[in-house]
Amino acid sequence: MCGIVGILGDHEVAPIILDALKRLEYRGYDSAGIATLHEGAMYRRRATGKLVALSDLLVNDPIRGKAGIGHTRWATHGAPTLANAHPHQVGPVAVVHNGIIENFRALRKELTADGVRFETETDTETVAHLAARELARGKSPEEAAAATVARLEGAFALAFLFEGEEDLMIAARRGSPLALGYGVNEMFIGSDALALAGMTRRVCYLEEGDLAVIRRAGAVIHDASGAVVERDILEVSASNAVAEKGNHKHFMEKEIHEQPTVATYALSHYTHTVDGEHASAHAGPATVDFTAYDRIVMVACGTAHLACHVAKYWFEQVARLPVEIEVASEFRYREPPVSPRTLAVFVSQSGETADTLAALRYMAGKAETIAAVVNVPESSIARESDLVFPIFAGIEVGVASTKAFTCQLIVLGALAVLAARQRGVIDRTQETRLVSALETVPGAMAEVLRDEKLFPPLCWHLAKADDILFLGRGAMYPLALEGALKLKEISYIHAEGYASGELKHGPIALIDESVPVIVMAPSDALFEKTVSNMQEVMARGGRILLISDAKGLQAAGEGTWQQIEMPDVDPFVAPIVYALPAQLLAYYTAVTKGTDVDQPRNLAKSVTVE
Ligand code: G6P
């Protein structure tokens, strides 16, 4: 995950930026760079590999200046080469960037038609070109940055530096976090509070859509509408920044909000751009050949098991590879026969869940290959597997899994696309479509979080219910199960998830006005069928809370009790994005009820007993 640092200081900044980048090393990176301003001119040094390479370069070829930006890059668009390393400079503007610019291919086309020649394969270079073009058209740096950011789609954090403007940095946040640090006649930017440790403890976290015009005397922050706003400045204890709640009330809330960032990070490990045009999936740090298997067996517990449920739809529909899934506690005692050419996949956030580990040990020596999809690469499940696919979600503290679930889905989704390509089921164009759909996930997640304020009033109603049903069809069925699991885990309200079509085979007997029915249904090929199921509920006085996109909400017509409008996403990635409303409904219902959100009664984060 890329790291951003920026300083308008009182001393030479290059060594201080280098130090701050060191504090961001934990995020992972493969190249780094710094740009500074000195006597009106811009200077830039970049190096591939570890920071020591950049540090050596700066010793041999130092750069001066009391204003500068720095970056550690984890390659997403384009290999980790020197040319692709940040900062990117076009004319008088330098940019560092974290996240994904979803519409960069379209912007690149537009700029190329305008005569621009690209020097890198990155999405970031389009940002620098857009800003330089705005400056050339006579805009001020502030106007140029704002106009540039307005053209971008996706989830990102950006910092700009302008030649001739030694008392100016511009920072923008959409989806990826960015913090401002306040010093004494000095200002700082960092991807997180840890980057700012040692420089200042007075930190302001930019909010979604904010653009900050920063000068040594302070910052003027504009919100998404352009209005000037005040944001709180907090005192942080930087030493614990990684495991702190920041300005969140609960770890679960923090982890829900981290999703656009960690999803980007997970994506950056499993997808890449080929020749500036095609998007492609790969196996992250592992190597796998899906033509070597005739079927996949997926085993897990809890939320991780529900991620397998979604993955089954993907592997079977996209890659035409049969998948069996089972909860680990059943699988291990069922003693199933295992045919050769079986890939056994164990999905676990902690990598230590006893039942999953026992199932893995049962399969060892029977399946062709044992693979682990884990958040903790040092865990037992990872150590005992032939292949390890880390999900890169970062430490998850809340007992109810949120960001680990969506990162599991991103990794499994990318692997399904890879399997489809390797097995010759899809071509380059179809692969680009599917990977591009995955790339829209962080931005869509950020969009859901922007409307978070809609959830508390809704959950005030839900908190009064004794029973709640969740319905979904196709790959949204596992999401219905996950919505119900999340809700019962932390709010203690009895909730069940059902396949929409199964309603009339039993659960419809429960329907009356006291049982809210939450329907998760993007306007996909199955939507009309779900509408019929909703009619069945409404005809019996049931109250429907419909979670769908604008088209779905309109098509559903009158009669629903409540609605949540979702961004319009490709059906392939809908199960990932719809996890967020499921999490937010559970979270705010639990907060309304006053239950212990992060450590619900009777539950443990890592279940290392049978
Ligand atoms: C516990 C947790 C769940 C988690 C499950 C599996 O029950 O409370 O949130 O989904 O274990 O854990 P794992 O670490 O294997 O994903």
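In the block above lies the structure referred to throughout.
It should be emphasised that the depicted structure is a prediction, and the values quoted were computed from it without experimental measurement.

Visitor: Looking at this structure, I do not really get the overall build of the chain. What am I missing?
Guide: When helices and strands are counted, the chain shows 21 helices and 27 strands. Projected onto the principal axes, the alpha-carbon positions of the chain cover approximately 75 × 50 × 50 Å. Counting only residues that meet the buried cut, the chain has 61% of its 610 residues in that class. Long-range contacts, defined here as pairs at least 24 residues apart, represent 70% of the contacts in the chain between residues at least 6 apart. If you sum the accessible surface of the chain, you get close to 22,500 Å²; carbon and sulfur atoms cover 51% of it. If you average the places of the 56 positive and of the 77 negative side-chain charges in the chain, the two averages end up 1 Å apart.

Visitor: Is there a simple way to think about the pairing of strand β2 (residues 31–38) in this case?
Guide: Both faces of the sheet carry side chains from a regular strand, because those side chains alternate between them. Within β2, eight of the eight residues are buried, leaving the element largely enclosed by the surrounding structure. Judged by which residues are buried, β2 turns out to be covered on both faces: Ser31, Gly33, Ala35 and Leu37 on one side and Ala32, Ile34, Thr36 and His38 on the other are all buried. As defined by bridge partners, β2 adjoins strand β3 (residues 41–48) across eight bridges and the pair is classed as antiparallel. Among the inter-strand pairings, Ala35 is bridged to a residue of β3, identified as Arg44. Across seven bridges, the pairing between β2 and strand β4 (residues 67–73) is antiparallel. Along β4, the bridge assignment pairs Leu37 with Ala67.

Visitor: What is the right way to read the site of the ligand from this model?
Guide: What surrounds the ligand is a group of 14 residues, the closest being Ser348, Gln349, Ser350, Thr353 and Ala604. Contact between the ligand and Ser350: an oxygen atom at 2.6 Å from a side-chain N or O atom of the residue. Measuring from an oxygen atom of the ligand, one finds a backbone N or O atom of Val399 at 3.1 Å. Contact with the protein chains hides 91% of the accessible area of the ligand, taken as 390 Å² for the molecule alone. With three residues, helix α9 (residues 302–319) is the largest single contributor of residues to the shell around the ligand.

Visitor: Even after reading the chapter, I still don't get unusual backbone geometry, so can you show me in this structure?
Guide: What you tend to see is this: most non-glycine residues have negative phi, and most peptide bonds are trans. Residues His86 and Pro87 are joined by a peptide bond in cis, for which omega reads -5°. With respect to the element layout, Pro87 can be found in the loop between β4 and β5 (88–90). The backbone of Glu335 sits at a positive phi, close to 50°, despite the residue not being glycine. As for its placement among the helices and strands, Glu335 is situated in the loop between α10 (328–334) and β20 (342–348). Taking the relative accessible area as the measure of exposure, Glu335 reaches 59% and is therefore exposed.

Visitor: Sorry if this is basic, but what is going on with the side chain of Thr264 here?
Guide: Within the fold, Thr264 resides in helix α8 (residues 259–270). For Thr264, the contacting residues outside a window of four places in its chain are Gly99, Ile100 and Pro442.

Visitor: Sorry if this is basic, but what is going on with the packing of aromatic side chains here?
Guide: Each pair of aromatic rings is reported with the distance of its centres and the angle of its planes. Considering all chains together, one arrives at eight aromatic pairs under this definition. Seen from their ring centres, Phe160 and Phe162 are 6.2 Å apart, and the 10° between their planes marks the pair as stacked. One aromatic cluster in this structure is built from Trp74, Tyr265, Tyr270 and Phe392. Note that Lys366 overlies the ring of Tyr362, its terminal NZ or CZ placed 3.8 Å from the centroid. Over the aromatic face of Trp561 sits the side chain of Arg543, whose NZ or CZ is 4.4 Å from the ring centroid.

Visitor: Whenever I open this one, the sheet that holds strand β6 (residues 93–101) confuses me. Can you help?
Guide: Across a sheet, paired strands are connected by hydrogen bonds in the backbone, their directions being either parallel or antiparallel. Pairing in this open sheet of seven strands is antiparallel, and the strands run β5-β6-β7-β8-β12-β13-β14 from one edge to the other. The two strands at the open ends of the sheet, each matched to only one other strand, are β5 and β14 (228–229). As defined by bridge partners, strand β12 (residues 211–215) adjoins strand β13 (residues 218–222) across five bridges and the pair is classed as antiparallel. Across the sheet, Val213 pairs through a bridge with Val220, a residue of β13. Each of β5, β6 and β7 (154–162) touches helix α4 (residues 124–136); the most contacted strand, β6, lies at about 135° to it.

Visitor: Honestly, the sheet that holds β2 in this entry has me stumped. Any pointers?
Guide: The strand order β3-β2-β4-β1-β10-β9-β11-β15 describes an open sheet built from eight strands, whose pairing is antiparallel. Each end of this open sheet is capped by a strand with a single partner; those strands are β3 and β15 (234–235). Pairing geometry for strand β9 (residues 179–182) and strand β10 (residues 187–190), over four bridges, is antiparallel. Bridging across to β10, Tyr182 finds its partner in Met187. Its contacts with the sheet put helix α2 (residues 51–60) on β2, β3 and β4, and the angle it makes with β3 is roughly 135°.

Visitor: Looking at this model, I keep getting lost on the pairing of β20. Mind explaining?
Guide: In terms of residue burial, β20 counts as a mostly covered element, since seven of its seven residues are buried. As for the winding sense of the linkage, the β-α-β connection from β20 through helix α11 (residues 354–363) to strand β21 (residues 369–374) is right-handed.

Visitor: What am I meant to see in the packing of helix α1 (residues 14–23) against α2 here?
Guide: When two helices pack together, their arrangement is captured by the angle between the axes and the distance separating the axes. For the pair α1 and α2, the least separation of the axes is 11 Å and the interaxial angle reads 175°. Between α1 and α2, the crossing angle belongs to the class labelled roughly antiparallel. Between α1 and α2, the contacting residues are Leu18, Leu21 and Lys22 on the first element and Leu51, Leu54, Ser55 and Leu58 on the second. Of the residues that constitute the contact of α1 with α2, the class distribution is five nonpolar, one polar and one charged.

Visitor: Honestly, the environment of Ala304 in this entry has me stumped. Any pointers?
Guide: Mapping Ala304 onto the fold places it in helix α9. Each C-alpha atom, one on Ala304 and one on Arg428, is 30 Å from the other, the two residues being 124 residues apart in sequence. Not counting residues up to four positions away in its chain, the partners in contact with Ala304 are Val347, Ser348 and Gln408.

Visitor: Help me understand the nonpolar core in this model?
Guide: The tendency in soluble globular proteins is for nonpolar side chains to be buried side by side. Counting residues in hydrophobic clusters, the biggest one holds 105 residues, and the most contacted among them are Phe290, Phe315 and Phe389. Per-element tally for this core: the top contributor is helix α13 (residues 403–422), with 14 residues. In this structure Phe389 touches Tyr270, Ala283, Ala286, Val288, Ala371, Ala372, Val373, Val374, Val411 and Leu415, once residues within four positions along its chain are discounted. One finds Val127, Leu152, Leu158 and Ile170 within the second-largest nonpolar core, a separate group that totals 28 residues.

Visitor: What exactly am I supposed to notice about the pattern of salt bridges here?
Guide: Close approach of charged atoms allows side chains of opposite charge to pair. In total, this model carries 28 salt bridges according to the counting rule given. For Arg216, the salt bridge goes to Asp167, with nearest N and O atoms at 3.1 Å. Pair noted here: Arg216 is in the loop between β12 and β13 and Asp167 is in the loop between β7 and β8 (169–174), with a separation of 49 residues, a long-range link. Under the relative-accessibility criterion, Arg216 is labelled buried at 16%. Overall, the relative accessible area of 31% leaves Asp167 in the partly exposed class. With its nearest N and O atoms 3.7 Å apart, the salt bridge here joins Glu431 to Arg428. Of the two residues, Glu431 and Arg428 are both situated in helix α14 (residues 428–439); the distance of three residues between them amounts to about one turn of the helix. Taking relative accessible area as the criterion, Glu431 reaches 0% and is therefore assigned buried. Taken together, the shared-partner salt bridges connect Glu110, Asp114, Arg133 and Arg151 into one network.

What counts, and at which threshold
Residues numbered from 1 in each chain as written. Predicted model: local features only at pLDDT ≥ 70, side-chain atom pairs only at ≥ 80, totals over all residues. Heavy atoms only, no water. Helix = DSSP H or I, 4+ residues; strand = E, 2+ residues; numbered from the N terminus. Buried < 20%, exposed > 50% of the residue type's maximum accessible area, 1.4 Å probe, protein only. Contact = heavy atoms within 4.5 Å. Areas by Shrake-Rupley, 256 points an atom, 1.4 Å probe, with all protein chains shown as cover. Lys, Arg positive; Asp, Glu negative; His and termini not counted. Charge placed at Lys NZ, Arg CZ, Asp CG, Glu CD. Pairing = 2+ DSSP bridges. Near = heavy atom within 4 Å. Polar contact = N/O pair within 3.5 Å; in protein donor to acceptor, adjacent residues only side chain to side chain. Phe/Tyr/Trp six-rings, centres within 6.5 Å; stacked < 30°, edge-to-face > 60°. Lys NZ or Arg CZ within 6 Å of the ring centre and 35° of its normal. Axes fitted to C-alpha atoms, helices over the stretch in contact; angles between N-to-C directions. Right-handed = clockwise from strand over helix to strand, strands pointing away. Parallel < 35°, antiparallel > 145°, perpendicular 65-115°, else oblique. Nonpolar A, V, L, I, M, F, W, Y, C, P; charged D, E, K, R; others polar. Core = buried A, V, L, I, M, F, W, Y, C linked by side-chain atoms within 4.5 Å. Salt bridge = Lys/Arg side-chain N within 4 Å of Asp/Glu carboxyl O.

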